[in-house]
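Each chain is listed here by its residues.
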Amino acid sequence: MSTIETLAQKLAIDTLKVQDASGEERLYVEVGQVLGAASQSLEEAFLTEMRVRLAERKAREFLNKKVAALQAQLETRAET
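Here's what I pulled together on the structure shown here. Everything quoted here is computed from the prediction, not taken from an experiment.

Reading the values: rules and limits
Residues numbered from 1 in each chain as written. Predicted model: local features only at pLDDT ≥ 70, side-chain atom pairs only at ≥ 80, totals over all residues. Heavy atoms only, no water. Helix = DSSP H or I, 4+ residues; strand = E, 2+ residues; numbered from the N terminus. Rg over C-alpha atoms; globule rule 2.2 N^0.38 Å. Buried < 20%, exposed > 50% of the residue type's maximum accessible area, 1.4 Å probe, protein only. Polar contact = N/O pair within 3.5 Å; in protein donor to acceptor, adjacent residues only side chain to side chain. Contact = heavy atoms within 4.5 Å. Expected span 1.5 Å × (residues − 1). Arc of directions from axis to C-beta. Core = buried A, V, L, I, M, F, W, Y, C linked by side-chain atoms within 4.5 Å. Salt bridge = Lys/Arg side-chain N within 4 Å of Asp/Glu carboxyl O.

### Remarks on the overall build of the protein chain
Next, step 1: Along the backbone of the protein chain there are three helices and zero strands.
Next, step 2: Each helix (α) and strand (β) of the protein chain, taken in turn from the N terminus, gives the series α-α-α.
Next, step 3: Compactness check: the protein chain gives a C-alpha radius of gyration of 18 Å against a globular reference of 12 Å for 80 residues, more than 25% above the reference.
Next, step 4: Looking at the protein chain as a whole, 20% of its 80 residues are labelled buried.

Here is the structure:
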């Protein structure tokens, strides 16, 4: 893993923690703008990390809802 990828990964993890704690859903955009003023390469790597992590969260939430619905269906069937 390159230095840029490593830094982008760590920054994305930290940004998500602050974003979750503060409720600012678009904080990563502001962080990206700060990065862009200093390093376009790091900005791109960071935004990619953020998009991937946010997409994974949405997919995980979707799957968790599906599993919960299936479990509820199975419990309903078992009760009848």
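What follows continues from the structure just given.
### Considering the side chain of Q19
Next, step 1: Turning to its location among the elements, Q19 is positioned in helix α1 (residues 3-22).
Next, step 2: A relative accessible area of 6% places Q19 in the buried class.
Next, step 3: Reaching out from Q19, the side chain makes a polar contact with the backbone oxygen of E25 at a distance of 3.2 Å.
Next, step 4: The contact partners of Q19, leaving out residues within four places of it in the chain, are E24, E25, R26, L27, Y28, M50 and L54.

### Observations regarding α1
Next, step 1: The terminal C-alpha atoms of α1, which comprises 20 residues, lie 28 Å apart, in line with the 28 Å expected from a rise of 1.5 Å per residue.
Next, step 2: Those residues of α1 lying buried are A8, A12, T15, L16 and Q19. Down the axis of α1, the buried set is contained in an arc of 105 degrees. They therefore lie on one face. Pointing more than 90 degrees away from the buried face of α1 are the exposed residues T3, K10, K17 and A21.
Next, step 3: Contacts made by the buried residues of α1 are with α2 (27-38) and α3 (40-79).
Next, step 4: Two residues or fewer past α1, G23 is found with a positive phi of approximately 80 degrees.

### Focus: the nonpolar core
Next, step 1: The biggest cluster of nonpolar side chains holds 12 residues, and these are A8, A12, L16, L27, Y28, V31, L35, L42, A45, F46, L47 and M50.
Next, step 2: Broken down by element, this core gets its largest block of residues, five residues, from α3.
Next, step 3: Each residue touching L27, except ones within four places of it in the same chain, is listed here: T15, V18 and Q19.

### Concerning the pattern of salt bridges
Next, step 1: For the coordinates displayed, the defined rule picks out four salt bridges.
Next, step 2: Among the salt bridges present, the one from E61 reaches K65, with a minimum N-O distance of 3.3 Å. Residue E61 and its partner K65 are both found in helix α3; the two are separated by four residues, about one turn of the helix.

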